[in-house]
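Each chain, letter by letter, is given below.
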Amino acid sequence: MTFDGQGLVDEALLTETGSGGVLRDGYLADRPLKTYLESAERPRIVFASGHQGVVHDVGSEETVHAPGSGYRVLVALTGRRAVIVVGDDDGDRSFEIPFDALREVSVTTGFRRSRVTLRTESGDGWHLYPARIDAEKVQEYLETAADAWNRFETHLSTARKTLDSAGTARVDGDFAAAEAACERAESALSDARTVQREFDDTVPAMERRLESIREECLGERRELVRDRARSRVERAEQHWRQGAYERAADEYERARERLESFLERDCPGRTARPVCEDLAAIDRNCERLGEAPLRRALALERAAERADDPETAIDRWWDAYEGFRTVLELDWGRKQSRFDGESDTIRERLEAAVAGLLGARRQAADRRFRDAHRLAGENQIEEARAAYGDAVDHLEAAISTAQKLAPAELEDIRNRLGDVESRMDSLSDGGQHDPEDANVENSGARAETDEDVKVDDEDSEEQTGDEERTDDRDSEKETDGEERTDDEDSEEQTGDEERTDDDSGRGTDIERSDDKANEGNGDTDDDPKSAGTAGRGGDNSTAEKDEPTPRSENGGGTAENVALREAHGISEATDRSGIDGRDPPVTTSERGAGPDRYVDYLRTLDGEQVLDTVVEVWRVLGWSTDRIEDSEADIIARRPDEARPMILSVRSQEVPLGARGVHRLEGVAKEYEDDPTPVLVTTDPVDPSAFEVAMLRGLTLVDAPRLDELARSTGVHPAIDADSVPDRQS
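In this report, the structure presented in the accompanying data block is examined.

Criteria and thresholds
Residues numbered from 1 in each chain as written. Predicted model: local features only at pLDDT ≥ 70, side-chain atom pairs only at ≥ 80, totals over all residues. Heavy atoms only, no water. Salt bridge = Lys/Arg side-chain N within 4 Å of Asp/Glu carboxyl O. Helix = DSSP H or I, 4+ residues; strand = E, 2+ residues; numbered from the N terminus. Buried < 20%, exposed > 50% of the residue type's maximum accessible area, 1.4 Å probe, protein only. Pairing = 2+ DSSP bridges. Axes fitted to C-alpha atoms, helices over the stretch in contact; angles between N-to-C directions. Contact = heavy atoms within 4.5 Å.

Some remarks on the pattern of salt bridges
Pairs can form between side chains of opposite charge once their charged atoms are near each other.
Next, step 1: Scanning all chains against the criterion turns up 54 salt bridges.
Next, step 2: For R214, the salt bridge identified is with E211, shortest N-O distance 3.6 Å. In this pair, R214 and E211 are both assigned in helix α4 (residues 204–241), three residues apart and thus about one turn of the helix distant.
Next, step 3: What makes R214 partly exposed here is its relative accessible area of 22%.
Next, step 4: Given a relative accessible area of 28%, E211 falls into the partly exposed group.
Next, step 5: A salt bridge links R254 to E251, with the shortest nitrogen-to-oxygen separation between them at 3.6 Å. Of this pair, R254 and E251 both sit in helix α5 (residues 245–263), separated by three residues, roughly a single helical turn.
Next, step 6: For R254, a relative accessible area of 37% translates into the label partly exposed.

Structure, rendered in structure tokens:
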């Protein structure tokens, strides 16, 4: 027997087998005592229980486990249990008594032998008879081990119960209570660790139990951190939807800080992995958020440019102005802005929005002026006066805007207001308003009235007799029996041709049925990214101005945008006119049809025709496509050099697309294991609310003008004649 300072171990008892004889004692019959222990289990005391064996009592019944002839009962006390093996020719029998089940240890000493009794929590008793070892040493070790395990298990039980409380509080949203419970659980776990070190820090069973509770504690702490971060993310998204971009960015930063604080802990990879994924998602959201204000402003600008009704254009131009002003004011004073957009470029956009707003006001005033002229000609004086009043209201609103934002426009608008008021006063004086006397002057540009009559704004005179009108200076008469009088600096127009604005961009022709077409390929926009603005990232679709999606390294927008642009054979110069000053190439298949007319034609196609067009466009872009049946989506598209496929839904219902229509496609991509990029292609009018939803949900929206641009760039066009395309002016 050897003594190592911590225990008494007889190596022969651990390793020998076989029966004894007259001069020596035996051991076990089948295999040595050491093999009954776990590989990492270390024996602290080893002894034989004498030839009497061991006695096991259960209540009033006793069972004696005596060894076979020539064998002994051997006992090993480890860090977590007492192992008893009874040697016998018929086969060894083994028993164990876990120390965490010990309730009492007692010793009875006698002249020839001593007895050590172990009483468990269930009431069972085990009576051992140590040979060649002090029974009190055995009792001391057993009591120390039982006490350590009792305190150890108590601390672990406290930790478990507290973790349960933490989980309940977390689910209920009481994060403060959950945080406090986690701290108590960690404290109990620390106490258990202290007990282990004081008793024996090499006990594998204690280490396993500690590690198990520690993982539970880390898991609960991780879920608490994730839930708190998720709460911050939800608040960030709410602020994002409300346009409070700075507050949204602040919430994302707080969420990131919480997640990063958890990773500072010593935790295994499988525990940290979900947190790392959450951090990556927040980084993606922050990148989209950084692009969102500028994209939203650009989407509003585009919607304003496409508005056919001046009243609608007024609201949309004002929204666009507010959008660009928001971009300019974001993160004011910060060394490093979290949002895309260069100040100089945004100021240019603001000026353009003001010009558009004033132009829409003029258009609205001119339209009501024409209404007043027509009503006066029909002798509906009160209605004409009301129409003049509406025109005055629009011009006064334009003056109010110009005073703050475009002082150079004031003189022109005031002159126009004076003209309208003089017409209105002529009605108040009881004079008959001649239908021929309805010239509308808009920033030096003339426009024809509904009767193709032009009138002089300053020098016209009413004539009697056959109602001829003469110019004060030239007195020239028009042909066809109608008299026309122009301003001294104006020149005659022929047919139904409309006059456009002067180079300053002020004013709008009152006879224009649509906004002035953008130069180049129809509804193209200036690209602030090409002008040095970070974050525009190309104009992949109308929705992508509003949709916060990650940018690619080549400046062409998102990975989805790359699929629709440079990465698929569409260069920036092809996709955007105005970047290099040249229009994109026009294929002969258009046969004279203008961009706006071709968009109108796209909207006349039925769903199957639009679907065929989309399939052909994506095929030219290098994607293989498969139709999908019985789904909100219509096409799944794949390309060898793209990790993620695209799932496309094609919509052509001849009704405006709103937020609800985008929501229906939101969950489709989740049905596929390869995480496809959702794309919604529509020839229907798109409501701004659809842009917002697409932006927030990471969905790419391709509207009719964008589909037109893709079809033009790829050379994909239905076989149409120019005469078959509806004329917007007609």
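Here's the deal with the sheet that holds strand β18 (residues 700–702)
Next, step 1: The strand order across the open sheet formed by five strands is β14-β15-β16-β17-β18, and the pairing between neighbours is mixed. What marks the edges here is a single partner per strand, and that holds for β14 (624–627) and β18. Averaged over all pairs of adjacent strands, the angle between their axes in this sheet comes to 25°, without regard to strand direction.
Next, step 2: Sheet topology places strand β16 (residues 646–651) next to strand β17 (residues 677–682); six bridges connect them, and they run parallel. Residue S649 lies in a different strand from β17, and its bridge partner there is L680.
Next, step 3: Each of β17 and β18 touches helix α17 (residues 704–714); the most contacted strand, β18, lies at about 80° to it.

Structural notes on the sheet that holds strand β9 (residues 102–109)
Next, step 1: The five strands are arranged β5-β4-β11-β10-β9 in an open sheet whose pairing can be described as antiparallel. The open sheet has two edge strands, β5 (61–65) and β9, and neither has a second partner. Across the sheet, the mean angle separating the axes of adjacent strands is 20° when strand polarity is ignored.
Next, step 2: Across five bridges, the pairing between strand β4 (residues 54–58) and β5 is antiparallel. Bridging across to β5, H56 finds its partner in T63.
Next, step 3: Across the face of the sheet, helix α2 (residues 135–171) comes into contact with β9 and β10 (114–120) while running at roughly 170° to β9.

Side note on unusual backbone geometry
Next, step 1: At D331, a position not held by glycine, the phi torsion is positive, near 50°.
Next, step 2: Looking at where D331 falls in the secondary structure, it is placed in the loop between α7 (310–329) and α8 (343–377).
Next, step 3: Among the residues examined, D331 registers a relative accessible area of 5% and is labelled buried.
Next, step 4: You will see that N379, though not glycine, has its phi angle at about 65°, which is positive.
Next, step 5: Relative to the helices and strands, N379 is located in the loop between α8 and α9 (381–405).

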